[in-house]
Amino acid sequence: MRRIVLVLIFACLVAIPTFGTHAQGTGTTYTVQPGDNLYRISLKFGVTVPALQQANGIANASLIYAGQVLQIPAGGVVVPPTAAPGATAIPGGTVGTYVVQPGDTLARIAARFGTNYIYLAQLNGIANPSLIFAGQVLNVPGGTINPGGPTPTPGGPATLPLAGFELGGQTVGDVSGGTQSTMQSAKMKWVKRQISAGDGNGPNWINQAHSAGFKILLSVIGDKNAVTDGGYQTSYANYVAGLARSGADALEIWNEMNIDREWPTGQINPAIYVNLLAKSFSAIKGANGNTIVISGALAPTGAEGAFGLSRVWNDDRYYNGLAAAGAARYADCIGVHYNEGIISPTQSTGDPRGSYPTRYFGAMLNRALAPFPGKVACYTELGYLSREGYPPLPSGFEWAANTTVAQQAQWLGEATRIAASSGRIRLLIVFNVDATNYGADPQAGYAIIRPGGGCPACAQLAAAIP
């Protein structure tokens, strides 16, 4: 999680595929291109995903491949007189309008009107669901409304406000007892857990978090040796879709895929990751349009010069590669980690280790969001390490030897205050709440519940929430 800092920046170029269609009878054929999914193809031709599946005998909408020739059904959809060009009829309903607000996404807007983003995109003739803009007037099911706060959707906790900020914490134990009361005293609304694809406990964690009054973010990792295989990616996408269907409020797709601890050595490549992200996004939104999809947060690092590109990509190079590969189309929020700070997050200089950007809270945020104009960040891991109350730090973590618990508390509060007022951060997960392991990876040193059970940071965190 903490890296050597050496700078080497290169441009990442990803080829943009071409598209071809061929007339055939009263319908059309289409050759699947790299990065395609049935949803995108359905928007291109104004047909539904089920119609495409039926016309081509496709049982699983996630299983298509580049080079496959699809039969496009003739006819398409019926456009009502009141809808925008290319829109779909609303069965038994009416069409109203909605003015897009700063921070809106199509999925959020769809949730407000009791529909999903696929239908809303068809209703407005939107080919790319990620490309909407503040001030745009959308046709929506039902009557016209004035933008205001989000309308909660029935059946579970509401998603993040359309333009707002919320705080959470990563936990190791159950969200009950002292952990629950600690999080409540810090005004945390979210709990985060990291699980592996295929873990059958996901629905239980979701139910536990909701029963305790929290929304839940599940960070889902998997078999790093299989992750580049298309079949495994489809299996992973189906698994996270099941979590969305079970009520997961947010899902982070993988974790720190720019280092070979989490991705196969020699195969680190943002374009391959985006294939996984695209499949997962489509499956998740098909299962639950309210579930927030977060791109996997990267390890903040500048170590590629020391270890080579087969083992690590600097996070800025990888973020640029994600953007070039189209990741913005498949993420509601850009995942970010910040876990090596030893100075106040208000500072932009003064770290005794040097001026490398990952040392600084603000520079790390800019590094992550620069390639993604209009997107917001979700800090899925933010923490300050303090050995106070524990033995000396293990090798590799000596950089935090002088950080006190009082500084940890102060800096977490300052980071939360900055995040809450920035307009660029939707979610901040404190790493961590209750870890007790203090071995080769001293996670207990990051915990806000300190030896003895107190939480010096809680008051600072609570005071930082508007």
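Residues numbered from 1 in each chain as written. Predicted model: local features only at pLDDT ≥ 70, side-chain atom pairs only at ≥ 80, totals over all residues. Heavy atoms only, no water.

(A) Representation of the nonpolar core in the model. Counting residues in each nonpolar core, the largest one holds 91 residues, and the members touching the most others are Leu-251, Ile-253, Tyr-273 and Ile-448. Residue contributions to this core peak at seven residues, all from helix α8 (residues 270-287). Ignoring any residue separated from it by four or fewer positions in sequence, one finds Ile-253 in contact with Val-220, Tyr-236, Val-240, Tyr-273, Leu-276, Leu-277, Ser-280, Ile-284, Val-293, Ile-294, Ser-295 and Gly-296. Grouped together as the second largest cluster of nonpolar side chains are 13 residues, Ile-342, Ile-343, Tyr-438 and Tyr-446 included. (Core = buried A, V, L, I, M, F, W, Y, C linked by side-chain atoms within 4.5 Å. Buried < 20%, exposed > 50% of the residue type's maximum accessible area, 1.4 Å probe, protein only. Helix = DSSP H or I, 4+ residues; strand = E, 2+ residues; numbered from the N terminus. Contact = heavy atoms within 4.5 Å.)

(B) Looking closely at helix α6 (residues 202-211). Among all positions of α6, only Gly-202, Ile-206 and Ala-209 are buried. Down the axis of α6, the sector holding all buried residues measures 70 degrees, keeping them to one side. The first or second residue beyond α6 is Gly-213, which carries a positive phi of 90 degrees. (Arc of directions from axis to C-beta.)

(C) Molecular detail of the environment of Asp-229. Position of Asp-229 among the secondary structure elements: in the loop between β8 (215-221) and α7 (230-245). The partly exposed category is assigned to Asp-229, whose relative accessible area is 44%.

(D) View of the state of the cysteines. If you walk through the whole model with that rule in mind, you get two disulfides. Here Cys-333 engages in a disulfide with Cys-378; their sulfurs sit 2.1 Å apart. In this structure, the disulfide formed by Cys-333 and Cys-378 twists by about 105 degrees around the S-S bond and is classed as right-handed. One end of the pair, Cys-333, is in the loop between α10 (315-324) and β11 (334-338); the other, Cys-378, is in strand β12 (residues 377-382), with 45 residues separating them in the sequence. Cys-378 matches Cys-333 in its accessibility class, with the two residues each being buried. Two residues share a disulfide in this structure: Cys-455 and Cys-458, whose sulfurs sit 2.1 Å from each other. Residues Cys-455 and Cys-458 share a disulfide whose torsion about the S-S bond is about 95 degrees; that sign makes it right-handed. (Disulfide = S-S within 2.5 Å.)

(E) Spotlight on the sheet that holds β12. A sheet is described by the order of its strands in space; here eight strands give the open sequence β10-β9-β8-β7-β6-β13-β12-β11, paired in parallel fashion. Among the strands making up the open sheet, the edge pair consists of β10 (292-295) and β11. For this sheet, the mean inter-axis angle between neighbouring strands, taken without regard to orientation, is 25 degrees. Where strand β7 (residues 190-196) lies against β8, seven bridges are found, and the strand directions are parallel. Among the inter-strand pairings, Gln-194 is bridged to a residue of β8, identified as Ser-219. Where helix α11 (residues 361-369) meets the sheet, its contacts fall on β11, β12 and β13 (425-430), and the angle it forms with β11 comes to roughly 155 degrees. (Pairing = 2+ DSSP bridges. Axes fitted to C-alpha atoms, helices over the stretch in contact; angles between N-to-C directions.)

(F) Geometry of the packing of aromatic side chains. Throughout the structure, instances matching the rule amount to twelve aromatic pairs. The structure contains a cluster of three or more aromatic residues connected by ring pairs, namely Tyr-338, Phe-361, Tyr-379, Tyr-384 and Trp-411. In this structure, Arg-193 packs its charged tip against the face of Trp-205, placed 3.6 Å from the ring centre. (Phe/Tyr/Trp six-rings, centres within 6.5 Å; stacked < 30°, edge-to-face > 60°. Lys NZ or Arg CZ within 6 Å of the ring centre and 35° of its normal.)

(G) Here's a closer look at unusual backbone geometry. The omega torsion of the bond from Phe-431 to Asn-432 falls at 0 degrees, within 30 degrees of zero and hence cis. Within the secondary structure, Asn-432 sits in the loop between β13 and α13 (456-464). Its identity is not glycine, yet Trp-254 carries a phi of approximately 70 degrees, on the positive side. Within the secondary structure, Trp-254 is located in the loop between β9 (250-253) and α8. We note that Glu-256 has phi near 45 degrees; this positive angle belongs to a residue other than glycine. Following the sequence through the fold, Glu-256 ends up in the loop between β9 and α8. Judged by its relative accessible area of 1%, Glu-256 is buried.

(H) How the structure looks around the pattern of salt bridges. Inspection of every chain in the model, using the stated rule, returns ten salt bridges. Here Glu-304 makes a salt bridge to Arg-317, at a shortest N to O gap of 3.1 Å. Linking Glu-304 in helix α9 (residues 304-307) with Arg-317 in helix α10, this pair joins segments that are 13 residues apart in sequence. Arg-317 sits in the buried class, given a relative accessible area of 5%. (Salt bridge = Lys/Arg side-chain N within 4 Å of Asp/Glu carboxyl O.)

(I) Inspection of the pairing of strand β6 (residues 166-170) at higher detail. In terms of residue burial, β6 counts as a mostly covered element, since five of its five residues are buried. Here β6 shows two buried faces, one formed by Glu-166, Gly-168 and Gln-170 and the other by Leu-167 and Gly-169. Relative to β13, β6 is paired through four bridges, and the arrangement is parallel. The residue bridging Leu-167 from the neighbouring strand is Leu-428, located in β13. Where β6 lies against β7, three bridges are found, and the strand directions are parallel.

(J) How the structure looks around the environment of Pro-50. Among the structural elements, Pro-50 can be located in helix α2 (residues 49-56). For the pair Pro-50 and Leu-38, spaced twelve residues apart in the sequence, the C-alpha separation amounts to 9.2 Å.

(K) Region of interest: the confidence of the model for the protein chain. Of the residues in the protein chain, 80% have a pLDDT of 70 or more, and the chain-wide mean is 83. Of the regions scoring below 50 in pLDDT, residues 1-26 engages in 72 contacts with residues more than four places distant in sequence or in other chains. For residues 143-162, every residue scores under 50 in pLDDT, and the model assigns this stretch 44 contacts once sequence neighbours within four places are set aside. (pLDDT = per-residue confidence, 0-100.)

(L) Representation of the environment of Val-312. Position of Val-312 relative to the elements: it lies in the loop between α9 and α10. Separated by 52 residues in sequence, Val-312 and Asp-260 have C-alpha atoms that sit 6.3 Å apart. With sequence-adjacent residues up to four places away left out, Val-312 is seen in contact with Asn-258, Ile-259, Ile-268, Thr-301, Ala-303, Glu-304 and Phe-307.

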